[in-house]
Structure formats: C-alpha cells, structure tokens
Amino acid sequence: MRNLTMSDRWIAAAVQMNAGEDKEVNLQTAERLIAEAAAQGARLVVLPELFNYLGRLEDLAEHAESLDGPTATRMRQAAQKHEIFLVAGSFAELRQGDDRVSNTSLLFDPQGKQLGLYRKMHLFDIDLPDVHVHESKYVAPGDLPSVCPTELGGLAQAICYDLRFPELPRSLNLREVACLALPAAFTAKTGAAHWEVLIRARAIENQLFVIAANQFGRYVSGIQSYGHSLIVDPWGTVLAAASGDAEEIITAEISLDKLREVRQHMPTLGHRRI
Ligand SMILES: NC(=O)CCC(=O)C(=O)O
C-alpha cells in the first residue's frame, strides 16, 4: 500500500442485486450497475456473492467457470471499460478433479488486470429451524487470504460467512490494509440479528473501511437474502446503507486521512498481545 499519510479521497460503491438462475440476465444486471456506479464517480465497485448465478447449491457445479471463463472475462472488460477497481463479487469456480467448486472472488484493476483472487475460506454449514444450508458439500474451502496494494490503499477480500471469523482479517498485516471488500448473500434471518453489528465490529477492531455488498430478495432455494448493503468507516460509522428490498448502488467517500487519524488517535493495532 502507498504511504497512508497521503490525503487520498475516493468513492467506493457497493452494488446490491437479487441474482437468480439466469446467468446472462445476472451478468447484464451487474454490467449495468457497474456502469451506473462508475458514472457516479466510484473508483472501487464491489458486487455481491454469487452475483452471476444464485440458485440451489447442488446446481453450482453445473454453472461453474474457470478463471478465464465468460464471467471473469466480462468483469475484466467492465473494469477496463470504466477504469475502475472491481471486486467481481464471487462466482462458482471449476476445480480440477473435484466435484465441488470454489466460491471465488476476483479483483481487477482499471487496466483489466487481475490483481486479487480469494476463495471463500469459511463455508456456511448451518441448521437453524428454518434455514438449513450445507455449503461445504458443494464448495471446497479456500486456504489463502488476499490483500492487494493499490493506489487506493491496500484492498483485502473476504466473502459473506467469513465475516463471522475475526481471525481472517487478523491474520493479515493490517497496517497494509485500508479496505475490506465483502461480497455477500447473507440471509435475512441471520442478517436481521448479526449483519450490521458484525460489519461494524470488523471495521472497528481492525480499523479499516468495510464495503459490504449483499444480495436481497428470495432465491430459488427459498432463502431470503437480507439486503442492507453497508459501507462502514474505521471508527464504525455507517457511511452508506441500502434498503432491504431493492436493487441499489450505495456510495461513500473513502478518506485515507480518516483511516490514519483513527489509527493515530487510538493505536489499538500496536497494543495487541499476540
Ligand atoms: N452465503 C453465506 O455465507 C451466508 C452467511 C450468512 O447468512 C450468515 O449468517 O453468516
């Protein structure tokens, strides 16, 4: 990351979508929303988890693609066309010799170069009375974090359920991270109780911006996504928030001065006892 003493200010956008099973429709929606976010001045755009296909987990493999497949190619082109950094949500990535896929998020730079690659590490295996999901049956976990130094500051990636695991950001050299991008398909049930508090906690304890782009609405497996995409600053202040039930782009100014100020006034990262 460049020196954080600079006073860079730039606009981040989180895109909220209700992706379904029609990949072409989802990709066109994403392309349209990326174009709108860029027209609003965003230099970093974050899409939601599984933005190109949100259906039954058991059907993910059928819709999986390689890292140079049509989804990655179109997102690379969108980043280049609009000259933005793009966290292309996540998509099901084909794995050699494995029936399972990876839940993979790519980061492209404004030249269309792939900077970051993150495969979801923590998989959503839960049994609530009315939400039963066993992601690890269909998705293999990733095992590497991703942090990319960029002219906007260091960008780290995580996906949805990862939000519940503070050890993921804590495993990074946080002094090199300005923003955590979080594509998500967080459920309405768990989101109402935990979404905002977890995002603000991760922002406060790690003293970074969190840009969380969620799905909204119901998808084919009957699960309802929570919406309420959020952008939160290192003090835990909510800079922008979406509604729970609409396609939306939220934007906020990211001030690296603010990051430096919070880290100087309350240097908790230097007070850790590991
Ligand atoms: N797609 C996911 O990882 C969902 C995570 C979620 O809803 C949660 O409560 O955690």
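One can find the structure itself at the top, above this paragraph.
Residues numbered from 1 in each chain as written. Predicted model: local features only at pLDDT ≥ 70, side-chain atom pairs only at ≥ 80, totals over all residues.

**Details of the overall build of the protein**
Selection criterion: Numbered from the N terminus, helices here are DSSP runs of H or I no shorter than four residues, and strands are runs of E no shorter than two. Using C-alpha atoms as the atom set, the radius of gyration is obtained and then compared with a globule rule of 2.2 Å times the number of residues to the power 0.38. Think of it as a crowd count around each C-beta: if 20 or more other C-beta atoms lie within 10 Å the residue is buried, if 12 or fewer it is exposed, and in between it is partly exposed, with C-beta placed from the backbone throughout. Residues are defined as contacting one another if the C-beta atoms placed from their backbone atoms lie within 7 Å.
Check the secondary structure of the protein and you find five helices and 17 strands. Taking 274 residues into account, the globule formula puts the C-alpha radius of gyration at 19 Å, and the protein, at 17 Å, falls close to it. Taken over the C-alpha atoms alone, the protein extends approximately 50 × 40 × 40 Å along its principal axes. Put simply, the protein has 274 residues, and 47% of those count as buried. The contacts in the protein between residues at least 6 apart in sequence include a share of 70% that link residues at least 24 apart.

**Re the site of the ligand**
As a reminder of what qualifies: Any residue whose backbone-placed C-beta atom lies within 6 Å of a molecule or strand is treated as near that molecule or strand. Each residue receives one of three labels: charged for Asp, Glu, Lys and Arg, nonpolar for Ala, Val, Leu, Ile, Met, Phe, Trp, Tyr, Cys and Pro, and polar for the others, Gly being one of them.
As a matter of local geometry, the ligand sits amid Glu49, Phe124, Cys160, Tyr161, Arg164, Ala185, Phe186, Thr187, Thr190 and His194. Classifying every residue of the shell around the ligand gives five nonpolar, three polar and two charged.

**A look at the sheet that holds strand E12 (residues 209-214)**
Selection rule: For two strands to pair, DSSP has to find at least two bridges joining them.
Pairing is mixed across the open sheet formed by six strands, whose spatial order is E9-E10-E11-E12-E15-E16. Two strands lie at the open edges of the sheet, namely strand E9 (147-148) and strand E16 (238-241), each paired on one side alone. Alignment of E9 against strand E10 (residues 155-157), held across two bridges, turns out to be antiparallel. Across the sheet, residue Cys148 finds its bridge partner in E10, namely Leu155.

**Quick look at the nonpolar core**
The cut-off we apply is this: A set of buried Ala, Val, Leu, Ile, Met, Phe, Trp, Tyr and Cys residues, joined through C-beta atoms within 7 Å, is what we mean by a nonpolar core.
By size, the foremost hydrophobic cluster in this structure holds 87 residues, and its most contacted members are Val15, Val45, Val46, Leu86, Leu208, Val210 and Ile211. When residues of this core are assigned to their parent elements, the largest contribution, six residues, is made by helix H1 (residues 23-39). Look past the residues within four positions of Ile211 in its chain and what remains in contact with it is Ala12, Ala14, Val46, Cys179, Ala181, Leu182 and Ile231.

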